[in-house]
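Structure assessment
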Amino acid sequence: MSKIISIQPLGFPWETQDPFLFCAYHRDEYPAGNEEMGLDESLLEGRAIGQDFTVKDGWRMYHGTNIPGFPYHPHRGFETITINKKGVVDHTDSLGAAGRFMDGDVQWMTAGKGIQHSEMFPMINSDQPNPLEIFQIWLNLPKVSKMVDPHFKMLWKEDIPVIIHKDEVERATTIHVIAGSINGTRAPRPTPNSWAFEAKNAVGIYTVKMEARATWLLPKTSANVNRTIFYYSGESMQIDDKAVAVNHSIRAIADTDITFKNGDVESYLLILEGKPMNEPVVKHGPFVMNTAEEIRETMREYGKTQFGGWPWKVTEVAHSKTKGRFAIYSDGVEEIKK
């Protein structure tokens, strides 16, 4: 019996399984920026500024006007996990928290009962390109945690475990363990109200790079876990008994080991797995609740309170060009990284 349940082409965003809601993969080859960390007007011509999702010249502005990104917007009822593989992301939120994270860092944010935040991609390089590669994963919150206080946490690259597996002919597979554990190597703890906080929920988030013709075995987990493999860069590989081309998602049985045999080109994977919540999901834009009435109440409350308002002077907040990696939390605690 095959260990592979289904193979589907990747769309946008990527379709996930409970307890995840979806995954958005962003790869943009931004050019050099100007002194304001934005892009010159000549480069913005022909774009639907404020709503630019067309990959023109290899990049998008998203909802940004001068700096690419996502100006302030609300969330309630779920979590965002933003994995930065390349580039710069500037965070600000309605609690007064802020941060900048770069290559290899991960931000884990529990929206809970409601928060507004801004995610901008400043062009800090004025003399060379500013490539960006990030995943943003939406992880649901169970009903009991939908209305917890919002919270965010940085998982700095220095703290994220990296496994380098060498096969019998010394070809390497590199795994970053962002959530969960593989063969005893455990990720940092996520935010305390996350579905991923309890080990019994078996939430795993792994990014994988395989050298050409490398082999690797993904170990089994619990039988009641949903497991999805996203093959997003490379050419082709064999996953268990199936030949898989790049740009496909693979749903696999979780309580058995899965063997990967890469083809002739270096390949990249994202793996998401976790115990499903098996609760009703009602979504409306940035709000995820259990019932339609809860969505209506959320919209009424946001209209009245704006989830605390916006304490920043502008809607598209970018930090100083000279700042490095840092986080300032809502309680005033600050972390500075080299």
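These lines cover the structure that appears in this document, whether it is placed above or below.

Tallying secondary structure elements over the protein gives 2 helices and 27 strands in all. At 20 Å, the protein has a C-alpha radius of gyration in line with the 20 Å of a compact globule built from 338 residues. Across its three principal directions, the C-alpha atoms of the protein cover 55 × 50 × 35 Å. A buried classification covers 52% of the 338 residues belonging to the protein. Carbon together with sulfur atoms contributes 50% to the accessible area of the protein, which is approximately 14,900 Å² in total. One finds the centroid of the 37 positive side-chain charges in the protein at a distance of 4 Å from the centroid of its 44 negative side-chain charges.

What follows deals with the side chain of aspartate 105. Within the secondary structure, aspartate 105 is located in the loop between strand 7 (98–101) and strand 8 (106–110). Setting aside its immediate chain neighbours within four residues, aspartate 105 contacts Thr82, Ile83, Asn84, Met154, Leu155, Trp156, Lys157 and Arg325.

Attention shifts here to a negative patch on the surface. A cluster of acidic residues, Glu36, Asp40, Glu41 and Glu45, forms a negative patch on the protein surface. If you trace the backbone, glutamate 45 turns up in the loop between helix 1 (41–44) and strand 4 (69–75).

Right, let's talk about the packing of aromatic side chains for a bit. This structure, assessed with the given rule, holds 22 aromatic pairs. Measuring from centroid to centroid gives 5.4 Å for phenylalanine 53 and tyrosine 62, while their planes differ by 80°, and the two rings are edge-to-face. For phenylalanine 53, a relative accessible area of 34% translates into the label partly exposed. An aromatic cluster is defined as three or more aromatic residues linked by ring pairs; in this entry it consists of Trp14, Tyr25, Phe135, Phe230, Tyr232 and Tyr268. Looking at lysine 323, its charged tip hangs above the ring of phenylalanine 326, at a distance of 4.4 Å from the centre.

The strand order 1-21-18-23-16-13-12 describes an open sheet built from 7 strands, whose pairing is antiparallel. In this open sheet, the two strands that pair with only one neighbour each are strand 1 (4–9) and strand 12 (162–166). Across this sheet, the average inter-strand angle for adjacent strands is 20°, counted without regard to direction. Summarising the sheet, strand 16 (residues 204–210) and strand 23 (residues 267–274) pair through 7 bridges and their orientation is antiparallel. When the sheet's bridge partners are listed, lysine 209 is paired in strand 23 with tyrosine 268.

Glancing now at the pairing of strand 22 (residues 258–262). Burial along strand 22 is one-sided: the residues Ile258, Phe260 and Asn262 are buried and none of Thr259 and Lys261 is. Pairing between strand 17 (residues 215–218) and strand 22: 4 bridges, direction antiparallel. Within strand 22, the residue paired with threonine 215 across the bridge is lysine 261.

What follows deals with the sheet that holds strand 3 (residues 20–30). Pairing is antiparallel across the open sheet formed by 6 strands, whose spatial order is 2-3-10-5-8-11. Looking at strand neighbours, the two that pair on one side only are strand 2 (14–15) and strand 11 (151–155), the edges of this open sheet. Sheet topology note: the strand 5 (residues 78–86)/strand 10 (residues 130–140) ladder contains 8 bridges and is antiparallel. Note on strand 10: the bridge partner recorded for isoleucine 81 is isoleucine 137.

Here the focus is the pattern of salt bridges. Throughout the structure, instances matching the rule amount to 20 salt bridges. The salt bridge partner of glutamate 301 is arginine 76, with a shortest N-O separation of 2.9 Å. On the criterion of sequence distance, the pair formed by glutamate 301 in helix 2 (residues 292–305) and arginine 76 in the loop between strand 4 and strand 5 is long-range, its members being 225 residues apart. Relative accessible area serves as the criterion here: at 27%, glutamate 301 is assigned to the partly exposed category. Two residues, glutamate 293 and arginine 300, come together in a salt bridge whose shortest N-O distance is 2.8 Å. For glutamate 293, a relative accessible area of 39% puts it in the partly exposed group. Residue classification places arginine 300 among the partly exposed residues on the basis of a relative accessible area of 40%.

Structurally, aspartate 52 can be placed in the loop between helix 1 and strand 4. Exposure remark for aspartate 52: the relative accessible area of 3% places this residue in the buried category. Here the side chain of aspartate 52 touches methionine 61 through a polar contact of 2.9 Å, landing on its backbone nitrogen. Leaving out residues up to four positions away in the same chain, aspartate 52 has contacts with Arg47, Arg60, Met61 and Tyr62.

Secondary-structure assignment places lysine 321 in the loop between helix 2 and strand 26 (325–328). By relative accessible area, which is 28% here, lysine 321 ends up partly exposed. Separated by 112 residues in sequence, lysine 321 and lysine 209 have C-alpha atoms that sit 31 Å apart. Those residues in contact with lysine 321, other than ones at most four positions away along the chain, are Asn34, Glu35, Met37, Arg100, Met123, Ile124 and Ser126.

What counts, and at which threshold
- Residues numbered from 1 in each chain as written.
- Predicted model: local features only at pLDDT ≥ 70, side-chain atom pairs only at ≥ 80, totals over all residues.
- Heavy atoms only, no water.
- Helix = DSSP H or I, 4+ residues; strand = E, 2+ residues; numbered from the N terminus.
- Rg over C-alpha atoms; globule rule 2.2 N^0.38 Å.
- Buried < 20%, exposed > 50% of the residue type's maximum accessible area, 1.4 Å probe, protein only.
- Areas by Shrake-Rupley, 256 points an atom, 1.4 Å probe, with all protein chains shown as cover.
- Lys, Arg positive; Asp, Glu negative; His and termini not counted.
- Charge placed at Lys NZ, Arg CZ, Asp CG, Glu CD.
- Contact = heavy atoms within 4.5 Å.
- Patch = residues over 30% accessible without salt bridge, like charges linked within 9 Å, V, L, I, M, F, W, Y side chains within 5 Å.
- Salt bridge = Lys/Arg side-chain N within 4 Å of Asp/Glu carboxyl O.
- Phe/Tyr/Trp six-rings, centres within 6.5 Å; stacked < 30°, edge-to-face > 60°.
- Lys NZ or Arg CZ within 6 Å of the ring centre and 35° of its normal.
- Pairing = 2+ DSSP bridges.
- Axes fitted to C-alpha atoms, helices over the stretch in contact; angles between N-to-C directions.
- Polar contact = N/O pair within 3.5 Å; in protein donor to acceptor, adjacent residues only side chain to side chain.

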